[in-house]
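Coordinate inspection notes
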Amino acid sequence: MNFVVDDIVKGISDKYCITDMDMTRGRILSVHGDEIEVRVMSHKSNPFCLGASYVVEAQYFEKIGHIKPFNREEVLELIAKGNQNKLNEYDFYGADLSGADLSGANLRSADLRSADLSGANLSGANLRSADLRSADLSGANLSGANLRSADLRSADLSGANLSGANLRSADLRSADLSGANLSGANLRSADLRSADLS
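What comes next concerns the included structure. (Residues numbered from 1 in each chain as written. Predicted model: local features only at pLDDT ≥ 70, side-chain atom pairs only at ≥ 80, totals over all residues. Heavy atoms only, no water.)

Moving on, we come to the overall build of the protein. Along the protein, the regular secondary structure elements total one helix and five strands. Written out in order from the N terminus, the α and β elements of the protein read β-β-β-β-β-α. Relative to the compact-globule value of 16 Å for 198 residues, the protein shows a C-alpha radius of gyration of 17 Å, a close match. C-alpha atoms of the protein, sized along the principal axes, occupy 50 × 35 × 25 Å. When contacts within the protein are restricted to residue pairs at least 6 apart in sequence, those whose partners lie at least 24 apart make up 21%. Just so you have it, the protein exposes about 9100 Å², and 43% of that area is on carbon and sulfur atoms. (Helix = DSSP H or I, 4+ residues; strand = E, 2+ residues; numbered from the N terminus. Rg over C-alpha atoms; globule rule 2.2 N^0.38 Å. Contact = heavy atoms within 4.5 Å. Areas by Shrake-Rupley, 256 points an atom, 1.4 Å probe, with all protein chains shown as cover.)

Turning our eyes to something else, we now look at the pairing of strand 3 (residues 35-43). Within strand 3, seven of the nine residues are buried, which leaves it mostly tucked inside the rest of the structure. Two strands pair when backbone bridges link them, and strand 2 (residues 23-32) and strand 3 are joined in this way by eight bridges, in the antiparallel orientation. If you follow Arg-27 over to strand 3, its bridge partner there is Arg-39. Count of turn residues in the strand 2/strand 3 antiparallel hairpin: two residues, of which Gly-33 carries a positive phi of about 65 degrees. (Buried < 20%, exposed > 50% of the residue type's maximum accessible area, 1.4 Å probe, protein only. Pairing = 2+ DSSP bridges.)

We now examine the nonpolar core. In this structure, Leu-122, Leu-137, Leu-142, Leu-147, Leu-152 and Leu-157 are the most contacted members of the largest nonpolar core, which totals 44 residues. Counting residues in hydrophobic clusters, the runner-up holds 14 residues, among them Val-9, Ile-28, Ile-36 and Phe-61. (Core = buried A, V, L, I, M, F, W, Y, C linked by side-chain atoms within 4.5 Å.)

This part is about helix 1 (residues 72-80). Listed as buried for helix 1 are Val-75, Leu-78 and Ile-79. When helix 1 is viewed along its axis, its buried side chains cluster within an angular range of 100 degrees and face the same direction. Facing away from the buried side of helix 1 by over 90 degrees, the exposed positions are Glu-73 and Ala-80. Downstream of helix 1 by one or two residues, Gly-82 has phi in the positive range, about 75 degrees. (Arc of directions from axis to C-beta.)

This part is about the pairing of strand 1 (residues 7-11). Within strand 1, four of the five residues are buried, which leaves the element mostly enclosed by the surrounding structure. In this sheet, strand 5 (residues 61-66) lies alongside strand 1 in antiparallel orientation, the contact comprising five bridges. Residue pairing in the sheet places Gly-11 in a bridge with Phe-61 of strand 5. Relative to strand 2, strand 1 is paired through two bridges, and the arrangement is antiparallel. Of the residues in strand 2, the one forming a bridge with Ile-8 is Arg-27.

Listed below in structure tokens is the structure:
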């Protein structure tokens, strides 16, 4: 089968340890002849591998879908109806979710690079291993959110409410945290090099 970037695949063999038949959803990041680079989106037995990417032989995977372009109305409707499992079918790169109510949303391992989440309500949201590089989270409510191992390099978190948020092992290098509320936040093993904490 010929795969293209942004195809959604599942493992159909146990040749590999992580990208095996327990990987029920993966996103193709690149294609190189008979090999593909796939990012794990969901896995039955190993939740710790979500967000990791691997270069593997294409013959051991089956296409089950394709990433959809971002549509704000559709995404907000899915969240409002509690249909969280469909969120990973969308491309959130550069998405405008400013002021949106995303409380409790499951955006684990989502690609939210350069997304506008300013003023959004992300309280209690699952953003574990999400890619939030250069995202605008200024004034966002991230209280109690799970941002463990999230990539927040160069993100704007100025004035954000991160009280009680789990930022363990998060990459916050060069992030703007000026005026952010970090009371009760778990910052264990977080990388804060060059971050603005004023």
